[in-house]
Amino acid sequence: KLLLIIAATCVSNGFVLRRRHPRAHGIGLHQRPSDLSDTGDATATATARSSRIQDVVADCGEKTSAAPDPDASARRRLLATTLTAGCGCCGSAIQAADALELSERESPYDKRRNSLVDKFFADGMATGMDDYESKAKPYKSQLFRNMFRTLSEQKRGGQGAAPVIVEVGMGTFPNAHFYAEGMKSSGMDEIEVIGVDPNDSMTPYARKSAKEAGLDGGVSLRNVHGVAEALPLQDGSVDAVVCTLTLCSVPDQGLALAEIRRVLRPGGTFLFWEHVLSRDDIGLALQQRLLTPLQTIVADGCHLDRQTGRLIRQAGFEDVQMEYVSLDASLISPTVYGRCLA
C-alpha cells in the first residue's frame, strides 16, 4: 500500500486535484436538532435557519465573495448536505439543508488534494491501525470517560443543552466506541459531534465506525471538510475538542492549538492523544528524525519527531494534565496524552 501511495503521489499531476471546499462559517452549533425538527412550517424553519446563519457570518466578520462562480451553487448544495444531513447511520436527521447559505473562506492550509491518494490513505487507516488501537485502548478509554463525566456534571449544573464535541482530524473515527462508552458510563442521553477533516475519503469510514459503535438515537454526527488551522466554528461555541493522532500532521501546530482554544467555551475541555519524539529511547528518537521526511510523504504530512506536549503547555490552556507513555517499540509508540481547559 505504501508503494502504491508513493506512486500515486509521484504522478499526481496526471490526476484531477480537488478544489478546496467552501467552508461554512459559524456552523449552527447553538442550533440543536430540535430547532430543525419537521414539526411546524418547514418553510418558515428553513428561512429562520438561513437568517441565523447569515447573522453568524456577519458576527464573525466574514464576507461572501461577489465574484461569480459557476460551480458555487453545486458546491453549496454538496456541502450543505454534508453539514446538515447528519450521519445516515445516526439519529437526529437535520432538516432544511438546501436553505443553508454558505460563504467561502480560503485558507492557505486547506490545500488541493489528490483523490486517489486520499482514498488509499483512508483505506490504510481503516484497516491497518487495529493493533495500535488495541494497545492505546486502556489509556484512551479512561480519557474519554473522564471527559464525559465532566460534560455530564456541567450539564447537570445548568448547561442543559446537548454538549457539542468537535473532533479535529476525525479520520475514520476509531474513537467512536469511546463516545458510546463515555455516554453510557456518564448517563448522558444526547450529544452533538462535529468531525472536521481535510480528507473527504474518511467520511464513509467514519460513518461506518459510528454505526458499529451504536452511536444512534441521541447522537447527532456531522462530518465537515476543514483544517485545524481554520476551524469553521464560532468563538466559544463548543464544549469539548478531541484531537487524537492529528497534531502530528498539521502544518502549523501553534495555529491549530490557538484555533482549538478559540472555539472552546471558557472552561471547555481539550482532550489530546498524540505520538511524539521519544524521550526515553535515543535510538528510536534517531530513527524518528531520520524517517520523518519519508513519513510526511506517505502518511499525509505526519511527523514522527514533534514535541507536541511542549507546545500544548505553551498554548495558554489552563489546568494542563499530561502524561507520557511508550506503547511498544514502534515509531509512533511514544505518546503524550491528557486534557486541559480553555
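Residues numbered from 1 in each chain as written. Predicted model: local features only at pLDDT ≥ 70, side-chain atom pairs only at ≥ 80, totals over all residues. Heavy atoms only, no water.

## Things to note about the packing of aromatic side chains
Tallied over the full model, the rule gives nine aromatic pairs. Between Phe144 and Tyr179 the ring centres are 5.4 Å apart and the planes differ by 50 degrees, which places this aromatic pair in the tilted class. Residue Phe144 is found in helix H5 (residues 130-156), and its partner Tyr179 is found in helix H6 (residues 176-186); the two are separated by 35 residues along the sequence. Residue Phe144 is classed as buried on the basis of its relative accessible area, which comes to 0%. Chaining the aromatic ring pairs together yields one cluster made of Phe144, Phe148, Phe173, Phe178 and Tyr179. (Phe/Tyr/Trp six-rings, centres within 6.5 Å; stacked < 30°, edge-to-face > 60°. Helix = DSSP H or I, 4+ residues; strand = E, 2+ residues; numbered from the N terminus. Buried < 20%, exposed > 50% of the residue type's maximum accessible area, 1.4 Å probe, protein only.)

## With respect to H6
Every α-helix carries 3.6 residues per turn, so stepping three or four residues along brings you back to the same face. Along H6, the positions that sit buried rather than exposed are Ala176, Phe178, Tyr179, Gly182, Met183 and Ser186. When H6 is viewed along its axis, its buried side chains cluster within an angular range of 160 degrees and face the same direction. In this structure, the buried side of H6 is in contact with H5, strand E3 (164-168), strand E4 (191-197), helix H7 (203-212), strand E5 (219-225) and strand E6 (238-244). A positive backbone phi angle near 75 degrees is found at Gly187, which sits one or two residues after H6. (Arc of directions from axis to C-beta. Contact = heavy atoms within 4.5 Å.)

## Regarding the pattern of salt bridges
All told, the structure shown has 13 salt bridges when counted by the stated rule. Among the salt bridges present, the one from Asp131 reaches Lys135, with a minimum N-O distance of 3.4 Å. Remark: Lys135 and Asp131 occur in helix H5; sequence separation between them is four residues, near one turn of the helix. Take Lys135: its relative accessible area is 31%, and that puts it in the partly exposed class. (Salt bridge = Lys/Arg side-chain N within 4 Å of Asp/Glu carboxyl O.)

## A word on the pairing of E6
Where burial is concerned, most of E6 is hidden: seven out of the seven residues are buried. Here E6 pairs with strand E7 (residues 264-275) via six bridges, running parallel. Along E7, the bridge assignment pairs Val238 with Leu264. Once the chain exits E6 it traverses helix H8 (residues 253-263) before rejoining the sheet at E7, and the crossover so formed is right-handed. (Pairing = 2+ DSSP bridges. Right-handed = clockwise from strand over helix to strand, strands pointing away.)

## Thoughts on a nonpolar patch on the surface
Together, Leu286, Leu290, Leu291, Leu294 and Ile297 make up an exposed nonpolar region whose accessible area comes to about 490 Å². With respect to the helices and strands, the residue Ile297 is situated in helix H9 (residues 282-298). Among the residues examined, Ile297 registers a relative accessible area of 48% and is labelled partly exposed. (Patch = residues over 30% accessible without salt bridge, like charges linked within 9 Å, V, L, I, M, F, W, Y side chains within 5 Å. Areas by Shrake-Rupley, 256 points an atom, 1.4 Å probe, with all protein chains shown as cover.)

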